[in-house]
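Residue strings, one per chain:
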Amino acid sequence: MKRVLSVQDLSCVGKCSLGEALPVLSAMGVEACALPTAVLSAHTAFSNITRVDLTDRLPGVLSAWSAEGLQFDAISSGYLGAKEQILLVRDLWEHFGRKNCLRLCDPAMGDAGELYRGFDASHVAAVRELVKEADVVLPNVTEVCLLLGEPWRENFTEEQEQHLVLALADKIRGSVIMTGYRQGESGLGAACYDRQENRFYAFCGRQLPGCYYGTGDLFSAVVTGALVQGRSMSEAVRLAVEFTSRSIEKTLEDPEARWYGTDFERVLPWLCQQMQERD
Ligand code: PXL
């Protein structure tokens, strides 16, 4: 079995980060390991939160893993609450990867033109360095703008979004998969510069009403699982777009849906089936 390490926070309530990556990766048939960078009572969209930062505890975990000789087939980073954790991800990529280990980085630091609460320009500068070393970078449109130092706009055209993806690809060595890519009036999905194929492409689903937390984390987890299981980049992006839009559709159908996340749990059987069909 492939073994994947997901490095991000654990939000006790609110579907995001490890709370999504672990079930998604397990459903995809990979061994899901976690390195929680912080524990939050709930994700930062809640008004009242308390958090325990784990930065000081992480070097001890790495030492223990090193003594055990643990290695991973993919190491994927998401929301990192402290700059020191960015150095730690580099250390993990360098010392804990099996041969051809995939290095994935979701520069989870903002959305809708704003940085998440608690982040500043120095955090952005540190993430800018990290993405240079990744094989696959998975930003949303806001994060691409932050990484490029370009102003964000609510209504970029398709051509402008394509330009943003290619501009980021020019600055790094890996592939770029940008979520929140809009095609025409009604399509929403992801645009990719695939480094191996030296090609730009996009997949879109139906644009659905509303704004949903944690969809970027779901998307990253599906791409990670698909790539580590040997799917091509285009298959991985297509599967992640479809899983995310199915999760939003299920949420829309549910009159009791939570405001703080999607009903992705109801789409896990579909994801499992998609993976088994190819085995
Ligand atoms: O989904 C991104 C994310 C991850 N982790 C925490 C967050 C957010 C987005 O708000 O608050 C703690």
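Looking at this structure, how should I read the site of the ligand?
Taken together, the neighbourhood of the ligand is formed by Asp9, Ser11, Cys16, Ser17, Leu40, His43, Thr44, Tyr79, Tyr116 and Asp217. Taking Asp9, its side chain carries an N or O atom lying 2.8 Å from a nitrogen atom of the ligand. The separation between a nitrogen atom of the ligand and a polar side-chain atom of Ser17 is 3.1 Å. Contact with the protein chains removes 94% of the 310 Å² of surface that the ligand exposes when unbound. In terms of residue class, the shell around the ligand is made up of four nonpolar, four polar and two charged.

How do you make sense of the packing of aromatic side chains when you look at a structure like this?
Any aromatic ring pair is given by two values, namely how distant the centres are and how the planes are angled relative to each other. For the structure on display, the rule yields nine aromatic pairs. Among the aromatic residues, those joined into a ring-pair cluster are Phe46, Tyr213, Trp259 and Tyr260.

What's the story with unusual backbone geometry in this structure? I'm lost.
Even without being a glycine, Ser17 presents a positive backbone phi close to 45°. Along the polypeptide, Ser17 turns up in helix α1 (residues 17-27). The phi torsion at Ala112 lies on the positive side, around 50°, for a residue other than glycine. With respect to the helices and strands, Ala112 occurs in the loop between β6 (110-111) and β7 (114-115). Here Ala112 falls in the exposed class, since its relative accessible area comes to 51%.

Would you mind going over the sheet that holds strand β11 (residues 199-206) with me for this structure?
Note on sheets: strands pair through backbone hydrogen bonds, and any given pair is parallel or antiparallel. What the nine strands build is an open sheet, ordered β3-β2-β1-β4-β5-β8-β9-β10-β11; its pairing is mixed. Sheet topology places β3 (51-53) and β11 at the edges, where each strand pairs with a single neighbour. Summarising the sheet, strand β4 (residues 72-77) and strand β5 (residues 97-105) pair through five bridges and their orientation is parallel. Each residue of the ladder has a partner; that of Ser76, found in β5, is Leu104. Along the sheet, helix α2 (residues 58-68) contacts β1 (3-11), β2 (31-40) and β4; its crossing angle with β2, the most-contacted strand, is approximately 160°.

Honestly, α1 in this entry has me stumped. Any pointers?
For an α-helix, the turn length of 3.6 residues means that residues three or four places apart are oriented alike. Buried residues of α1: Ser17, Leu18, Glu20, Ala21, Val24, Leu25 and Ala27, and no others. Backbone geometry just downstream of α1 places Gly29 in the positive-phi region, at approximately 85°.

I'm lost on the state of the cysteines in this one. Help?
When the sulfur atoms of two cysteines share a covalent bond, that bond is a disulfide. Evaluation of the coordinates by the stated rule reveals zero disulfides. The cysteine Cys105 is free of any disulfide, with Cys101 supplying the nearest cysteine sulfur at 13 Å. Given a relative accessible area of 1%, Cys105 falls into the buried group. Unpaired in this structure, Cys145 has its nearest cysteine sulfur neighbour in Cys105, at a distance of 17 Å.

What exactly am I supposed to notice about the nonpolar core here?
The tendency in soluble globular proteins is for nonpolar side chains to be buried as a group. Counting residues in hydrophobic clusters, the biggest one holds 47 residues, and the most contacted among them are Leu5, Val7, Leu35, Ile75 and Leu92. Excluding residues within four positions of it along the chain, Leu92 makes contact with Leu5, Val7, Leu35, Leu62, Trp65, Ile75 and Gly97. Ranked by size, the runner-up nonpolar core spans 38 residues in total, among them Val24, Val136, Val228 and Trp270.

I would appreciate a short explanation of the environment of Ser186 in the present structure.
Considering the arrangement of structural elements, one finds Ser186 in the loop between β9 (175-183) and β10 (187-194). For the pair Ser186 and Glu143, spaced 43 residues apart in sequence, the C-alpha separation works out to 22 Å. Beyond its immediate stretch of four places on either side in the chain, Ser186 contacts Gly205, Arg206 and Gln207.

Reading the values: the criteria
- Residues numbered from 1 in each chain as written.
- Predicted model: local features only at pLDDT ≥ 70, side-chain atom pairs only at ≥ 80, totals over all residues.
- Heavy atoms only, no water.
- Near = heavy atom within 4 Å.
- Polar contact = N/O pair within 3.5 Å; in protein donor to acceptor, adjacent residues only side chain to side chain.
- Areas by Shrake-Rupley, 256 points an atom, 1.4 Å probe, with all protein chains shown as cover.
- Nonpolar A, V, L, I, M, F, W, Y, C, P; charged D, E, K, R; others polar.
- Phe/Tyr/Trp six-rings, centres within 6.5 Å; stacked < 30°, edge-to-face > 60°.
- Helix = DSSP H or I, 4+ residues; strand = E, 2+ residues; numbered from the N terminus.
- Buried < 20%, exposed > 50% of the residue type's maximum accessible area, 1.4 Å probe, protein only.
- Pairing = 2+ DSSP bridges.
- Contact = heavy atoms within 4.5 Å.
- Axes fitted to C-alpha atoms, helices over the stretch in contact; angles between N-to-C directions.
- Disulfide = S-S within 2.5 Å.
- Core = buried A, V, L, I, M, F, W, Y, C linked by side-chain atoms within 4.5 Å.

Shape descriptors only; they carry no functional weight alone.
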